[in-house]
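# Coordinates in review
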Amino acid sequence: MLSPAEWEVVTLSAQVALLAVGICLLPGVAIAFWLARSKSPMRFVVENLVQFPLVLPPVVTGLLLLLVLGPNGIVGAWLNLHIAFTSLGAAVAAGLMAFPLLVQTLRVTFAQIDPEWEEAAFVYGGGRWAAFRHVTLPLAARGIVAGVVLAFARAVGEFGATIVFAGNLPGRTRTIPLAIFTRINQVGGEAAAIRLVLVALTLSALSLIVHAALTRRLHRM
C-alpha cells in the first residue's frame, strides 16, 4: 500500500502529465496536420525541430527552458513569467519532452486519411475548417487518443528537464521519477522507491497496451 505522501506524488504526477498533454495537444494537432499535408520546403526543418527534444539531453532542455522562460530568462523577464519551479513549470517541461511523440503519432494518423474526403466536404459547401472538424477529426479520433496516451506516459516519466526547470519540491513539482530519485538517496527509502517504481511500471504498461490497441485499430481502417 502507498503512504499518503506517495499518493500525493502519484496524484501530482497525473495532474502534471494531464496538464502537459493539454498544453501541447492543440499545437501538436496543428503541426502534425501541416506536416502530413504540406509540400513546403520548410517541412523538413519543422519536422526536425519538433523531434529535437528526443535527441537533446533532457537536462539541456531544462536548462534552455530556464534560460528562455525562467524569471531572468529571455522571454520570462520580458513577460514577467513565474512558472519556473512550479507545477505549471513541471507540466511545461514534461509537455515539451512529450511533444515529439504526440506529433509523430498524429502525423502518421493524418497521413493515412485520404485528402479527397476533405476535398469532397470542401466542395459540397463546407469550408476548410468545417471539413477538418467534421471529416478529418472524427476519422483521426483513435490516432489522436493514441497520441495523447503515449504523450501522457512520456510526461509521467519525465525527469531531466523537470528537475532543472521545475526543481524537486515536495507537493509542487516532485513527480514519480523525482520521488524515486529522492527515495533512493535516503537511508531506508528503498521500499518507498520500489513501490513508486511499481506504480510507474503499471502506468507505463497500461499506456502501451492502450496505445497498441488503438494503433492496431487505426491500421485496420
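Scroll up a little and you will see the structure.
As a starting point, this report considers the structure included with it. (Residues numbered from 1 in each chain as written. Predicted model: local features only at pLDDT ≥ 70, side-chain atom pairs only at ≥ 80, totals over all residues. Heavy atoms only, no water.)

## What about the overall build of the protein?
Helices and strands together make up the secondary structure of the protein, namely 11 helices and zero strands. In the protein, the succession of helices and strands from N to C terminus is α-α-α-α-α-α-α-α-α-α-α. Dimensions of the protein along its principal axes, counting C-alpha atoms only, are 65 × 45 × 25 Å. Expressed as a percentage of its 221 residues, the buried residues of the protein come to 42%. In the protein, once contacts between residues fewer than 6 apart in sequence are set aside, the share between residues at least 24 apart is 70%. Only carbon and sulfur atoms are counted for the fraction: they give 71% of the accessible area of the protein, which is about 11,800 Å². (Helix = DSSP H or I, 4+ residues; strand = E, 2+ residues; numbered from the N terminus. Buried < 20%, exposed > 50% of the residue type's maximum accessible area, 1.4 Å probe, protein only. Contact = heavy atoms within 4.5 Å. Areas by Shrake-Rupley, 256 points an atom, 1.4 Å probe, with all protein chains shown as cover.)

## Regarding a nonpolar patch on the surface
A contiguous nonpolar patch, built from Val-59, Val-60, Leu-63, Leu-64, Leu-67, Val-68 and Ile-74 and spanning about 590 Å² of accessible area, is present on the exposed surface. Among the elements that line the nonpolar patch, the one with the most residues is helix α3 (residues 58-69), at six residues. Within the element layout of this structure, Ile-74 appears in helix α4 (residues 74-79). Ile-74 gets classed as exposed once you look at its relative accessible area, which sits at 68%. (Patch = residues over 30% accessible without salt bridge, like charges linked within 9 Å, V, L, I, M, F, W, Y side chains within 5 Å. Salt bridge = Lys/Arg side-chain N within 4 Å of Asp/Glu carboxyl O.)

## What about the environment of Val-60?
Among the secondary structure elements, Val-60 is positioned in helix α3. In this structure, the C-alpha to C-alpha distance between Val-60 and Val-164, residues 104 residues apart in sequence, is 8.5 Å.

## As for the pattern of salt bridges
Side chains carrying opposite charge are able to pair once their charged atoms draw close together. Per the stated rule, a full pass over the model turns up four salt bridges. The partner of Arg-195 in a salt bridge is Glu-6, and the shortest N-O contact between them spans 2.7 Å. You can see Arg-195 sitting in helix α11 (residues 190-219) and its partner Glu-6 sitting in helix α1 (residues 4-37), a full 189 residues away along the chain. The class of Arg-195 is partly exposed, set by a relative accessible area of 29%. Notably, a salt bridge pairs Arg-43 with Glu-47, separated by 3.9 Å at the nearest N-O pair. Separated by four residues within a single helix, Arg-43 and Glu-47 lie in helix α2 (residues 43-55), roughly one turn from each other. A residue is classified by how much of its surface remains accessible, and Arg-43, at 25% relative accessible area, is partly exposed. By relative accessible area, Glu-47 is classed as buried at 19%. Sharing partners across several salt bridges, the network here consists of Arg-43, Glu-47 and Arg-107.

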